[in-house]
Amino acid sequence: MKKFSLKPNIVYEKESIEYLHKINIKNSLIITDKFMVESGITKKVTDILDEEKAKYEIFSEVKPNPSSDLVVDGVEAMLKLKPDSIIAIGGGSAIDTAKGIILFYMNMMNKSSKEHAVKPYFIAIPTTSGTGSEVTSYSVITDNDTHVKMAFSEDIMLPDLAIVDPDFTKSVPPSVTADTGMDVFTHALEALVSNESSDFTDTLANGVLKIVFSYLLRAYRDGNDTIARQKMHNASCMAGIAFTNSALGINHSMGHAFGARFKVSHGRAVAIFLPYVIEYNSLDSICAYKYSDLAKSIGLPATTIEQGIFSLIESIKVLNRKLGIPVCIKEMDIDKKEFLDEIENMSKTAMEDVCTLGNRKKPTKDDIATIFKKAYEG
Ligand SMILES: [Fe+2]
């Protein structure tokens, strides 16, 4: 038996933020970062709350790679305000922080109260088109003492409402549009070939991949292209639904290990490994067929399965190049010896990553090490 979850409710397209008028918010905690406040993005939300005469407080301490201390501070803000709703505004970090705060707040309330605590209504407003965090129950929080990243997944952390309004992505610079857009691509592609994939997730994943091939370059070249921004924002959300109901794979495991060691952004780190992971996964006949079928559906040469896989790999390299993303690690400012010396550790970390469980073709540590080496030379 398999399960496909359709929560949360999603409002989308330009001006969907106006939907906030329809929610009976009386007292809200807004979780965001300082840039969102200073750039006026948060004001798009607070103006509506002001019109509705709702009370609110802004917790703007969110930083990239949210820490356990940050979650504790957020829980303290929750205990003071006792809000009826939480509005997370930002990229994956703000939404992940809000999820962590809700989880620990609810655990604390349930332990200290005789009655079952009521979860605040959780609204997620993504400001990048990448993580899909607005529709998943996953959150990654870094332990302040050990610096270990802890992944949490609880139903209670799933937002109740996602507002997927492309106006919130207009200020995103081109390099971030490129990196986060390729993260969307990787979510969909890994969901498509995962051992957890289904007809439901395949349909979403294939649709997302077509959108990314058609619109990511447009959004990268012109951040004010509202159609391209909207398409990429929808694609990010749908990729989130696809992978949360299917799974990710070693492309993410390797990206996590490499990104953490060499300080490379998440989207860029996963984008670099795409061609080399596709080549490896194609040793599995189901993956090979799905890659080739995707190539055919987007109009690439795919008379045979081998030709389809080759076309897909080459088209991703071309897309990466056009987006200013290196097609191999050698093209980055990373010393060869330093990289090769790290392969053993990175391969071990990638093997232990939870995403590796979702990979249809089961790798050995040596397989991962070989892919790392190939990705260096290109
Ligand atoms: Fe990702």
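Here the structure is shown first, and the text comes after it.
Residues numbered from 1 in each chain as written. Predicted model: local features only at pLDDT ≥ 70, side-chain atom pairs only at ≥ 80, totals over all residues. Heavy atoms only, no water.

Helix and strand counts for the protein stand at 13 helices and eight strands. Seen along its three principal axes, the alpha-carbon backbone of the protein occupies a region of about 60 × 45 × 45 Å. Considering the protein as a whole, with its 378 residues, one finds that 57% of them fall into the buried category. The contacts in the protein between residues at least 6 apart in sequence include a share of 78% that link residues at least 24 apart. (Helix = DSSP H or I, 4+ residues; strand = E, 2+ residues; numbered from the N terminus. Buried < 20%, exposed > 50% of the residue type's maximum accessible area, 1.4 Å probe, protein only. Contact = heavy atoms within 4.5 Å.)

Further remarks concern helix α12 (residues 336-352). Here α12 contains 17 residues, and its C-alpha end-to-end distance of 24 Å stays within 8% of the 24 Å for a straight helix at 1.5 Å per residue. The largest bend along α12 measures about 45 degrees and falls at Ile343. Taken residue by residue, α12 has Phe339, Glu342, Ile343, Met346, Ser347 and Ala350 as its buried positions. Buried residues in α12 make contact with α8 (250-262) and α13 (365-377). (Expected span 1.5 Å × (residues − 1). Bend = angle between axes of the 7 residues up to and from the residue.)

The subject of this paragraph is the coordination of the iron ion. For the iron ion, every protein donor is listed as Asp183 (OD), His187 (NE2), His252 (NE2) and His266 (NE2), and the spread of their distances is 2.1 to 2.2 Å. Given four donor atoms and angles of 88 to 168 degrees at the metal, the environment of the iron ion is assigned as irregular. (Donors = N, O, S within 2.8 Å, 3.2 Å for Na, K, Ca; no water. Tetrahedral: all angles 85-135°; square planar, octahedral: opposite > 155°, others 65-115°.)

Before going further, it helps to examine the packing of aromatic side chains. Scanning the entire structure with this criterion turns up ten aromatic pairs. On the basis of an interplanar angle of 75 degrees and a centroid distance of 6.1 Å, the ring pair of Phe258 and Phe339 is categorised as edge-to-face. A residue pair is termed long-range when its members are at least 10 positions apart, and Phe258 in helix α8 and Phe339 in helix α12 qualify at 81 residues. Here the two residues Phe258 and Phe339 agree in accessibility, since each one is buried. Between the aromatic rings of Phe339 and Phe372, the centroid separation amounts to 6.2 Å while the plane-to-plane angle is 70 degrees, which identifies the pairing as edge-to-face. Linking Phe339 in helix α12 with Phe372 in helix α13, this pair joins segments that are 33 residues apart in sequence. Note on accessibility: Phe339 and Phe372 belong to one class, buried. Lys44 extends its terminal NZ or CZ atom over the ring of Phe168, reaching a point 4.9 Å from the ring centre. One Lys or Arg, Arg261, reaches over the ring of Phe262 and ends 4.5 Å from the middle of that ring. (Phe/Tyr/Trp six-rings, centres within 6.5 Å; stacked < 30°, edge-to-face > 60°. Lys NZ or Arg CZ within 6 Å of the ring centre and 35° of its normal.)

A few words now on a negative patch on the surface. Together, Glu15, Glu18, Asp50, Glu51 and Glu52 make up a negatively charged patch on the protein surface. On the secondary structure map, Glu51 appears in helix α2 (residues 43-51). Among the residues examined, Glu51 registers a relative accessible area of 54% and is labelled exposed. (Patch = residues over 30% accessible without salt bridge, like charges linked within 9 Å, V, L, I, M, F, W, Y side chains within 5 Å. Areas by Shrake-Rupley, 256 points an atom, 1.4 Å probe, with all protein chains shown as cover. Salt bridge = Lys/Arg side-chain N within 4 Å of Asp/Glu carboxyl O. Lys, Arg positive; Asp, Glu negative; His and termini not counted. Charge placed at Lys NZ, Arg CZ, Asp CG, Glu CD.)

Moving on, we come to the sheet that holds strand β4 (residues 85-90). Read across the open sheet, the six strands follow the order β1-β8-β5-β4-β2-β3; overall the sheet is parallel. Of all the strands in the sheet, just β1 (9-12) and β3 (55-59) have a single pairing partner and so form its edges. Across the sheet, the mean angle separating the axes of adjacent strands is 20 degrees when strand polarity is ignored. The sheet contacts of helix α3 (residues 68-81) involve β2 (27-31), β3 and β4, and relative to β2 the element is tilted by about 165 degrees. (Pairing = 2+ DSSP bridges. Axes fitted to C-alpha atoms, helices over the stretch in contact; angles between N-to-C directions.)

Residues Lys7 and Pro8 are joined by a peptide bond in cis, for which omega reads 0 degrees. Tracing the chain through its elements places Pro8 in the segment before β1. Even without a glycine there, the phi angle at Glu13 is positive, about 80 degrees.

Attention shifts here to the side chain of Glu134. Mapped onto the elements, Glu134 comes out in the loop between β5 (121-126) and β6 (138-142). Of the side chains with opposite charge, Lys99 comes closest to the buried, unpaired Glu134, at an N-O distance of 7.5 Å. Those residues in contact with Glu134 that sit more than four places away from it in its chain are Pro8, Ile95, Ala124, Pro126, Pro159, Ala162, Val164, Ser236 and Cys237.

Here is the key point about a regular strand: its side chains alternate between the two faces of the sheet. The pairing of β6 with strand β7 (residues 149-153) spans five bridges and is antiparallel. Pairing of Tyr138 across the sheet is with Ser153, part of β7. A loop of six residues connects β6 with β7, the two strands running antiparallel in sequence, and His147 in this loop sits at a positive phi of about 65 degrees.

Another point: the packing of helix α6 (residues 199-221) against helix α11 (residues 305-322). Relative to each other, α6 and α11 sit at 10 degrees, their axes nearing to 11 Å. By the criterion of interaxial angle, the relationship of α6 to α11 is roughly parallel. For the element pair α6 and α11, the recorded crossing hand is left-handed. Along its contact with α6, which presents Phe213, Leu217, Tyr220 and Arg221, the element α11 presents Leu312, Ser315, Ile316, Leu319 and Lys322. Across the contact of α6 with α11, the residue classes tally to six nonpolar, one polar and two charged. (Parallel < 35°, antiparallel > 145°, perpendicular 65-115°, else oblique. Left-handed = near helix turned anticlockwise from the far one by under 90°. Nonpolar A, V, L, I, M, F, W, Y, C, P; charged D, E, K, R; others polar.)

The next point concerns the environment of Val172. Structurally, Val172 can be placed in the loop between β8 (161-164) and α5 (174-193). On the basis of relative accessibility, which here comes to 12%, the residue Val172 falls in the buried class. Distance from Val172 to Tyr220, taken between C-alpha atoms, is 9.5 Å for residues 48 residues apart in sequence. Once residues lying within four places of it in the same chain are set aside, the contact partners of Val172 are Thr127, Thr128, Thr177 and Arg229.

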